[in-house]
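Reading the structure
Here is how the chains run, residue by residue.
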Amino acid sequence: MSGWRNAAAVLALLGLAVVAALPVAAQEKILSFAIEPAQVEVGAGERATVAVRIENASVREADNVVAAWTGPGGFLLDPAPQEIAVLAPFGSADLAVWILVPEDAPPGSVVGSLEFSYTYCIGDLCFQVFESRDVALVVRAPADVGPTEPTVPPSGQVPTSGQTQPSGRSATRAWIPYAVAAFVAVLAVVAAQIARSLGLRWPLYAVLLLATGGGLAYGVALGQHEQAQSIAAVLCTSCVGIEEAAARAPQLTAQEMTRIRAISEPVDLLVFHAPWCRSCPFAEALVEQVGALNARVGYRFVDVEREPEIARRYGVIQSGRTVVPAIVRLGVDRILFGIEDLESRLVLLLEEGA
Amino acid sequence: MRLSIWRRITQGGGVLLGLLGVTGIGMTHILFPGLHCYACPWAITVCPVGLLQNMIVFGTFPFFGVGAILAYGLAAGRGFCGWFCPFGTLNDLLSFRKRRIRKAPSYGKYVVLVGTLVGAWALADTAFCKLCPAGSLESSIPYLILGVARVNRPFLVHMATLGATVVGMVLVARFWCRYLCPMGGILSLFNRVSLLHLRWSQATCTECGACEKACPMGIEPHHDHDDHNCIKCGACVDACSPGSLTLHCSPRRRG
């Protein structure tokens, strides 16, 4: 009897935990924003210009990076800043923002707020992130008065608001099936208890068999059995703890750059990756850097889920398992797996036979 | 024939299924009814705990995974832990001291289970896999030998969890299965409804306590033969001289 209570408690706990975890979105801020200059002096009716340096320090691609003015009122972004459609992993971009100060703006310092929004995805799961940065503006007094004592903001640094605004964050996570499943599980335990007190066992078995058959059939209909197979068949090195996913951009040393530039023979690389692999963007970014340094280094990215036959042909499949990221140099019978020390390992691979 | 001999045979079958990929068979769609790393170079089956985590990370409800786990649960509940799971087999093999701890709280596995699922949700990562001792044994070490992995921090973390688990297994019978295994936690929810089950006959039981002494999971089969920790291994059945405890794989009788 106590076992039943335990099971009920556990199921209820499981359901509660899943529901409680709903607001704990997996999202993180993957972009950093730096505003230059720290403080802008501008006359009423004029435009202030600030340059925003946006850096993506993650392995994920940021999409639709947009800047908007969120206060105080009267100020306008004119012309509207350009939208950055795609910011690649470890990529960076510069954005010019013109802020039109209203004609009737009183002289003095104003701290305005620029809000940046962007989206990024992990698999089917996409997040929209909002992040605010303060802009310090010093509105000059009308010209006929002459430059007056500038009202000095407390510090020369642009204060950042530090935290994202919770109200503005939204995660497009498909949580409803989880909540329904947790509810059904709790319901099943309650129903089982009632059925048991009535001395009936078949309703419980009916529910469980229905859930089993239904789950399997619906899962197969959604193609989840194929998904399960492909998740297990393609192994990304950072997924099971063979190495850590990189949180930095690839960094070639000056010496490595010289050695790459010195390569005189054409080299062809195949970079095998999977779309959901966390360590792959690092390998891709590194090969792109190398390709930019020396035009003789040609490369192609191969998605192992779309083109498994290429992975098979080049031996990236190890004992029936595809391991990504993997770099193959055509004509060289050695594969670079993973991203650890990849800079130096790749340079050695490029120099082989030279 | 004693149940323990049959059990060694099916446990051997579990290990064989776990390593069948050595023949060149690729990954199948089948979920493994136990804790067996699918990153193992010779695995041909999908680890249920890994699949659940990945599906949660992708933001998809794992209908297929839950359906398959329900099917295994209804068939044998934790019977798979006792009769099939390779990591459970390792627990058995390492239990040199045969020490039994009774009445020790064993809810740790539910904490690990909930932590695994919530962790996958909150971190958008297969966090449990990076600590999983089965993964250490079946994936980290083989990949080190194959030259894909290197000795680095994640590898050392894996070795630390494996080492701690092995010490636990040597000191306490079925340490991992009893206290920490998330897969055991899932299967234990089905222990009272599974086809594979223990029956106990009050009429012949002499309350001698031999079943308690034999049980690797530290439960008292003559008091609760459907305990959530019961792995249906049959050690108590073999130990019961009056034959009051029997193992059946059939629809349950009422009551």
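Note: the structure precedes this text.
From a predicted model like this one, the values you see are computed outputs, not experimental measurements.

**Regarding the interface of chain B and chain A**
Facing 60 residues of chain B, the contacting portion of chain A comprises 56 residues. If you list the elements that add at least two residues to the side of chain B that touches chain A, you get α2 (48-58), α3 (63-76), α6 (108-123), α7 (133-146) and α8 (153-171) of chain B. Sorting elements by how many residues they give to the side of chain B that touches chain A places α3(B) first, with 9 residues. Residue composition of the side of chain B that touches chain A, by class: 35 nonpolar, 17 polar and 8 charged.

**Some words on unusual backbone geometry**
Here the residue pair A:E36 and A:P37 is connected by a cis peptide bond, since its omega of -10 degrees sits within 30 degrees of zero. Within the fold, A:P37 resides in the loop between β1 (31-36) and β2 (39-43). Residue A:V324 is joined to A:P325 through a cis peptide bond whose omega torsion reads -5 degrees. Residue placement: A:P325 occurs in the loop between β15 (321-324) and β16 (326-329). A positive phi angle is found at B:K232, which is not glycine, with a value near 50 degrees. Mapping B:K232 onto the fold places it in the loop between α11 (210-214) and α12 (235-239).

**A word on the sheet that holds strand β3 (residues 47-56) of chain A**
Residue and element names in this part refer to chain A. The strand order across the open sheet formed by 4 strands is β1-β3-β7-β5, and the pairing between neighbours is antiparallel. A strand with exactly one partner marks an edge of an open sheet, and here the two such strands are β1 and β5 (76-77). In the sheet, β5 pairs with strand β7 (residues 92-100) via 2 bridges, with the strands oriented antiparallel. Looking at the pairing, L76 lines up with L100 of β7.

Cut-offs and rules
- Residues numbered from 1 in each chain as written.
- Chains lettered and ligands numbered in written order.
- Predicted model: local features only at pLDDT ≥ 70, side-chain atom pairs only at ≥ 80, totals over all residues.
- Contact = placed C-beta atoms within 7 Å.
- Helix = DSSP H or I, 4+ residues; strand = E, 2+ residues; numbered from the N terminus.
- Nonpolar A, V, L, I, M, F, W, Y, C, P; charged D, E, K, R; others polar.
- Pairing = 2+ DSSP bridges.

This is a description of form; function is not addressed.
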